[in-house]
Each structure stands twice: as structure tokens, then as C-alpha cells.
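One letter stands for each residue in the lines below.
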Amino acid sequence: RVPVFGGCAADDQFENKWKLFVNDTVISDGCAIMLIYNKKGINSVFESTFKETGVSGIITKVSGDRTIEEIDNVPALEKYAEWTGFDIEKIRGINLLDAGIIYPFGIKDPIDSVTLIRQPIVANSDDTITMSNKVVDGTCINLMAASVSDLIKSVDESLERLNDKVRNDVAGYLFFHCGKRKYFIDDRLNEVYYLMKKKTQGKPFLGTFSFGEFGFNDHSANSCGSLMLSFVSIEK
């Protein structure tokens with residue numbers, strides 16, 4: 001239960017062409033780890049900030065770790081198109097990636113501390129859906145939704161909750177913000193930057209746009225999700 005924060009690398013088409021740079025080493029299959037220790041506080045929030053639509057179902061068939069074959073015993077892509085109203089032919093292949101930013105799936109942890117987002121990535125020719133993270137047969141999934149304004153506002157709200165946890169002067173912040181959220185926010189990204197500047201009150205911060213985030217929330221174990229915010233403050 002040592003808290004872990006961070007994000008994953010990826011490429012635009014999810015073709016396993018991503019790289020990690022660790023000092024003078026470049027790797028394509030591995031991880032880079034930085035250890036942080038101090039005698040004061042290290043605070044975090046790990047949130048999806050998407051809203052539940054009230055639509056839900058059960059994953060009734062999977063293959064491998066990341067492919068949903070059926071939801072409620074119906075082909076997964078057919079069920080997703082029914083839920084969202086998208087034309088099934090227009091979201092086939094990698095086209096599903098954009099739709100999955102607007103309407104991803106959410107999976108609650110057992111104590112409802114965090115809703116982990118599972119983003120549909122690729123609609124396969126057999127109407128199965130390849131997902132951003134591991135999925136498990138028999139799991140309940142909720143259809144989630146957010147607008148651009150929702151995603152911008154959520155940064156402000158998440159930073160407010162993070163600052164509420166601080167008990168000493170802050171030395172700096174680490175921000176892991178999903179790159180697909182950035183893509184959806186598009187030309188309003190400056191609004192996110194100015195929110196961060198305001199909430200950090202002149203303290204230094206480092207940020208990255210990742211493709212899949214991991215973090216730690218109150219009373220929850222370390223978890224992975226997509227389209228998430230993983231924000232950290234380090235006290236002096």
C-alpha cells in the first residue's frame with residue numbers, strides 16, 4: 001500500500017511504438033520509477049470526474065485481459081452503440097477511441113472510494129471492444145459521460161480537494177493528466193493551465209499528459225485507470 005502515482009506512455013494509434021526515456025536509456029517494454037520520501041506530508045487525489053449516466057450492464061464475456069466480447073450477453077459493440085446512440089459503422093476500428101473519450105465505462109472499487117475509467121479503444125470486426133485497461137468477466141460497468149466544460153471544471157475541483165489535504169507548506173506538485181482528456185479539451189487547454197497556476201499559488205509543478213494513469217485515493221489501494229487525474233502535492 002505504498003502510494004504510487006504516474007502514467008503510461010502510448011502512441012496515437014496504439015501500435016506498441018511508444019518509448020520511455022530513463023536518463024541515457026531508451027526502453028519500449030518496462031517502467032521508470034522515481035522514489036520520493038519526506039518527513040512531512042505527500043498528498044494525493046486520484047479521480048475520474050466523469051458523471052454516471054444511470055446506464056449500466058454486466059460484462060458477460062471477455063477474451064484476454066482487455067477485450068470485452070459481450071455485455072449483458074449482447075455483442076459489446078452493439079450494446080455500446082445502443083447505449084450511446086452512435087452509428088455502429090462510424091465507430092468501428094480506431095474511430096471508437098474518440099467516442100470512448102465522451103462515453104467511457106466506469107468501474108467502482110469495492111468501497112466506492114474511486115470510480116476507475118475503462119476507455120473503449122478499438123472496435124474490432126467481430127463486434128468486440130478492446131479496452132484501455134484490464135476488464136473482468138462478471139463485472140458491473142457504468143456508462144460515464146463528460147463535456148469539455150466538465151473536464152476543465154474537474155481540474156479546479158480536484159486541485160481544491162488536494163489542497164484541502166495539505167497541512168504544511170507545499171514544496172511542489174506533480175500532475176498526471178490524461179492525454180486523451182487533453183485531446184478532447186483541445187483549444188481550451190489554456191483554461192486548464194491558468195486553473196493550475198491559480199491553485200498552486202506560485203509553487204513549482206511538473207505535469208505530464210499520459211495514456212492511462214495510476215494513483216492512490218483515501219482508503220483505496222493503488223489502482224489504474226484511463227481518462228483520470230492523478231494529482232500529488234509534496235510538503236516541505
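Before reading on, note that the structure itself is shown above.
Residues numbered from 1 in each chain as written. Predicted model: local features only at pLDDT ≥ 70, side-chain atom pairs only at ≥ 80, totals over all residues. Heavy atoms only, no water.

Asker: Explain the environment of Gly 225 here, please?
Answerer: In this fold, Gly 225 is placed in strand β16 (residues 223-225). Look past the residues within four positions of Gly 225 in its chain and what remains in contact with it is Phe 46, Ile 117, Arg 118, Asn 133, Gly 212 and Glu 213. (Helix = DSSP H or I, 4+ residues; strand = E, 2+ residues; numbered from the N terminus. Contact = heavy atoms within 4.5 Å.)

Asker: Help me understand the pairing of strand β6 (residues 67-71), please; the structure alone is not making it clear to me.
Answerer: Across a regular strand the side chains alternate sides, sitting on one face of the sheet and then on the other. Where strand β5 (residues 51-63) and β6 come together, 4 bridges link them in antiparallel fashion. Within β6, the residue paired with Ser 63 across the bridge is Thr 67. Between the antiparallel neighbours β5 and β6 lie 3 residues, among them Gly 64 with a positive phi of about 65°. Relative to strand β7 (residues 74-75), β6 is paired through 2 bridges, and the arrangement is antiparallel. Each residue of the ladder has a partner; that of Glu 70, found in β7, is Pro 75. With antiparallel pairing between neighbouring strands as the criterion, β6 and β7 make up a hairpin whose turn holds 2 residues, including Asp 72 at a positive phi of roughly 55°. (Pairing = 2+ DSSP bridges.)

Asker: Looking at this structure, I do not really get the pattern of salt bridges. What am I missing?
Answerer: Pairs can form between side chains of opposite charge whenever their charged atoms are close. One pass over the full model with this rule turns up 14 salt bridges. A salt bridge links Glu 47 to Arg 161; its shortest N-O distance comes to 2.8 Å. Taken as a pair, Glu 47 in strand β4 (residues 42-47) and Arg 161 in helix α3 (residues 148-164) lie far apart in primary sequence, 114 residues in all. Here Arg 161 falls in the partly exposed class, since its relative accessible area comes to 37%. Residue Lys 61 is joined to Glu 69 by a salt bridge in which the shortest nitrogen-to-oxygen separation is 3.4 Å. Judged by its relative accessible area of 38%, Lys 61 falls in the partly exposed class. (Salt bridge = Lys/Arg side-chain N within 4 Å of Asp/Glu carboxyl O. Buried < 20%, exposed > 50% of the residue type's maximum accessible area, 1.4 Å probe, protein only.)

Asker: Please clarify how the packing of aromatic side chains should be interpreted in this entry.
Answerer: Geometrically, a pair of aromatic rings is defined through the distance of the ring centres and the angle of the planes. In this structure the tally under the stated criterion is 7 aromatic pairs. Judged by centre distance (6.1 Å) and plane angle (90°), the rings of Trp 83 and Phe 105 are edge-to-face. You can see Trp 83 sitting in helix α1 (residues 76-84) and its partner Phe 105 sitting in strand β8 (residues 105-108), a full 22 residues away along the chain. The pair formed by Trp 83 and Phe 105 is uniform in burial state, with each residue classed as buried. By way of ring pairs, the aromatic residues Tyr 173, Phe 175, Phe 205 and Phe 231 are connected into one cluster. If you follow Lys 182 out to its NZ or CZ, it ends over the ring of Phe 209, 5.4 Å from the centre. (Phe/Tyr/Trp six-rings, centres within 6.5 Å; stacked < 30°, edge-to-face > 60°. Lys NZ or Arg CZ within 6 Å of the ring centre and 35° of its normal.)

Asker: Before we go on, may I ask you to explain the nonpolar core in this structure?
Answerer: Side chains of nonpolar character tend, in soluble globular proteins, to be buried together. Ranked by internal contacts, the top residues of the largest apolar core, which has 28 residues, are Phe 50, Val 155, Leu 159, Met 196 and Phe 231. Sorting the residues of this core by element identifies β4, β9 (115-118), α3, β13 (170-178), α5 (189-200) and β17 (229-235) as the ones contributing at least two each. In terms of residue count, the dominant contributor to this core is α3 (6 residues). For Phe 231, the residues in contact, after removing those within four places along its chain, are Asn 43, Ser 44, Val 45, Val 155, Ser 158, Leu 159, Leu 162, Leu 174, Phe 175, Phe 176 and Met 196. Residues Ile 59, Ile 107, Ile 129 and Val 135 belong to the second largest nonpolar core, which totals 18 residues. (Core = buried A, V, L, I, M, F, W, Y, C linked by side-chain atoms within 4.5 Å.)

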